[in-house]
Amino acid sequence: MNNTLKLLPNHFKKIGWSIFIPSLLLGIISLTNVFSFPEVSLPVFYNSGFPLSNEDSGLFKSTEVAVFPNLFGILIIIGGLLLGCSKEKIEDEYISSLRLRSVFWSLIVTYSTVLILFLTVFGMAFFTVMIIIIFLPLVLYIFRFNYLLLKK
């Protein structure tokens, strides 16, 4: 039985890096509020509205959307998946074991962080941090895998 992962060709790594790094940096900058990104009124599938807001909530409504932070998040995921799911030039059992160890390490670090946050952060800050945590397993996996690869 063939237990190898079905991965993208190696040339997707370059595309992944060129999307991932700038998007990650711009996403971090957008969290600092150094720049104010304009909001645009867009039709959305579902708008839950904010408490004490006069926005219409429900399906197929229009709402004010900060386009750039959302775009950065989408590009972080796309670039990260291209990076994480692309073959190395030489893909062997050692590389597969590095992938597996990196995935487990990123999950342990992520969920340890989530556990600490559940015990220490409350209110709206908790939701903000949870949005950031969505990206953590992918980002940690990419950096850990490439760190172990370089260390080899």
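You'll find the structure just up there.
Quantities reported herein were computed from a predicted structural model and do not represent experimental measurements.

Trainee: Whenever I open this one, the layout of surface pockets confuses me. Can you help?
Mentor: A water-sized probe rolled over the atoms picks out the places where empty space is left. What the largest pocket holds in volume is close to 1200 Å³. Those elements that place two or more of their residues in the lining of the largest pocket are α1 (12-32), β1 (39-47), β2 (58-66), α2 (67-84), α4 (124-133) and α5 (136-151). Counting residues per element, the lining of the largest pocket draws most heavily on α2, at six residues. Partitioning the lining of the largest pocket into residue classes produces 22 nonpolar, eleven polar and two charged.

Trainee: Hey, could you run me through the nonpolar core in this one?
Mentor: Soluble globular proteins tend to bury their nonpolar side chains together. With twelve residues, the main nonpolar core is built from Phe 20, Leu 24, Ile 76, Leu 83, Ile 95, Leu 98, Val 139, Tyr 141, Ile 142, Phe 145, Leu 148 and Leu 149. Where this core is concerned, the elements lending two or more residues are α1, α2, α3 (93-120) and α5. The element contributing the most residues to this core is α5, with six residues. Apart from the residues lying within four places of it in its own chain, the contact partners of Ile 76 are Phe 20, Ser 23, Leu 24, Phe 135 and Leu 138. Val 114, Leu 117, Phe 126 and Met 130 belong to the second-largest nonpolar core, a separate cluster that totals six residues.

Trainee: Looking at this structure, how should I read the pattern of salt bridges?
Mentor: Where charged atoms from two side chains of opposite charge approach closely, those side chains can pair. Summed over the entire model, instances satisfying the criterion amount to two salt bridges. Between Glu 88 and Lys 13 there is a salt bridge, with its nearest N and O atoms 3.0 Å apart. With Glu 88 in the loop between α2 and α3 and Lys 13 in helix α1, the pair connects residues that are 75 residues apart, well separated along the chain. Like Glu 88, the residue Lys 13 is buried in the burial classification. Of the charged contacts in the structure, one is a salt bridge between Arg 99 and Glu 91, with a shortest N-O distance of 3.1 Å. Its relative accessible area of 29% is what places Glu 91 among the partly exposed residues.

Trainee: Any chance you could explain a nonpolar patch on the surface here in plain terms?
Mentor: A cluster of nonpolar side chains, namely Leu 100, Val 103, Phe 104, Leu 107, Ile 108 and Tyr 111, defines an oily patch on the protein surface of about 600 Å² accessible area. Here Phe 104 lies in helix α3.

Trainee: Whenever I open this one, the side chain of Ser 102 confuses me. Can you help?
Mentor: Considering the arrangement of structural elements, one finds Ser 102 in helix α3. For Ser 102, the side chain forms a polar contact with the main-chain nitrogen of Phe 145, separated by 3.4 Å. The residues touching Ser 102, leaving out its near neighbours within four places in the chain, are Tyr 141, Arg 144, Phe 145 and Leu 148.

Trainee: Help me understand the packing of α3 against α4, please; the structure alone is not making it clear to me.
Mentor: Remark: α3 packs on α4, axes separated minimally by 11 Å, with the N-to-C direction vectors making an angle of 175°. With respect to α4, the axis of α3 lies roughly antiparallel. Side by side, α3 and α4 meet where Thr 110, Thr 113, Val 114, Leu 117 and Phe 118 of the first sit next to Phe 126, Val 129, Met 130 and Ile 133 of the second. Partitioned by chemical class, the residues of the contact of α3 with α4 number seven nonpolar, two polar and no charged.

Trainee: Would you explain α5 in this entry?
Mentor: In an α-helix, one turn spans 3.6 residues, which is why side chains three or four residues apart end up on the same side. Its 16 residues give α5 an end-to-end C-alpha distance of 22 Å, which sits within 8% of 22 Å, the value for a rise of 1.5 Å per residue. Taken together, the buried positions of α5 are occupied by Val 139, Leu 140, Tyr 141, Ile 142, Phe 145, Asn 146, Leu 148 and Leu 149. Close packing links the buried residues of α5 with α1, α2 and α3.

Trainee: Just to check I follow, could you spell out α3 for this structure?
Mentor: For α3, which comprises 28 residues, the first-to-last C-alpha distance of 41 Å matches the rise-based estimate of 40 Å (1.5 Å per residue) to within 8%. Buried residues of α3: Ile 95, Leu 98, Arg 99, Ser 102, Ser 106, Thr 110, Val 114 and Leu 117, and no others. Buried residues belonging to α3 abut α2, α4 and α5. For α3, the N-terminal cap is Asp 92; the gap from its side-chain oxygen to the backbone nitrogen of Tyr 94 is 3.2 Å.

Conventions and cut-offs
Residues numbered from 1 in each chain as written. Predicted model: local features only at pLDDT ≥ 70, side-chain atom pairs only at ≥ 80, totals over all residues. Heavy atoms only, no water. 1 Å grid on protein atoms, 1.4 Å probe; cavity = no way out; pocket = protein on both sides within 12 Å on 5 of 7 lines; lining within 4 Å. Points joined across faces, edges and corners; volume = space filled by probe spheres on them. Helix = DSSP H or I, 4+ residues; strand = E, 2+ residues; numbered from the N terminus. Nonpolar A, V, L, I, M, F, W, Y, C, P; charged D, E, K, R; others polar. Core = buried A, V, L, I, M, F, W, Y, C linked by side-chain atoms within 4.5 Å. Buried < 20%, exposed > 50% of the residue type's maximum accessible area, 1.4 Å probe, protein only. Contact = heavy atoms within 4.5 Å. Salt bridge = Lys/Arg side-chain N within 4 Å of Asp/Glu carboxyl O. Patch = residues over 30% accessible without salt bridge, like charges linked within 9 Å, V, L, I, M, F, W, Y side chains within 5 Å. Areas by Shrake-Rupley, 256 points an atom, 1.4 Å probe, with all protein chains shown as cover. Polar contact = N/O pair within 3.5 Å; in protein donor to acceptor, adjacent residues only side chain to side chain. Axes fitted to C-alpha atoms, helices over the stretch in contact; angles between N-to-C directions. Parallel < 35°, antiparallel > 145°, perpendicular 65-115°, else oblique. Expected span 1.5 Å × (residues − 1).

From the geometry alone we can't say anything about function, so treat these as descriptive.
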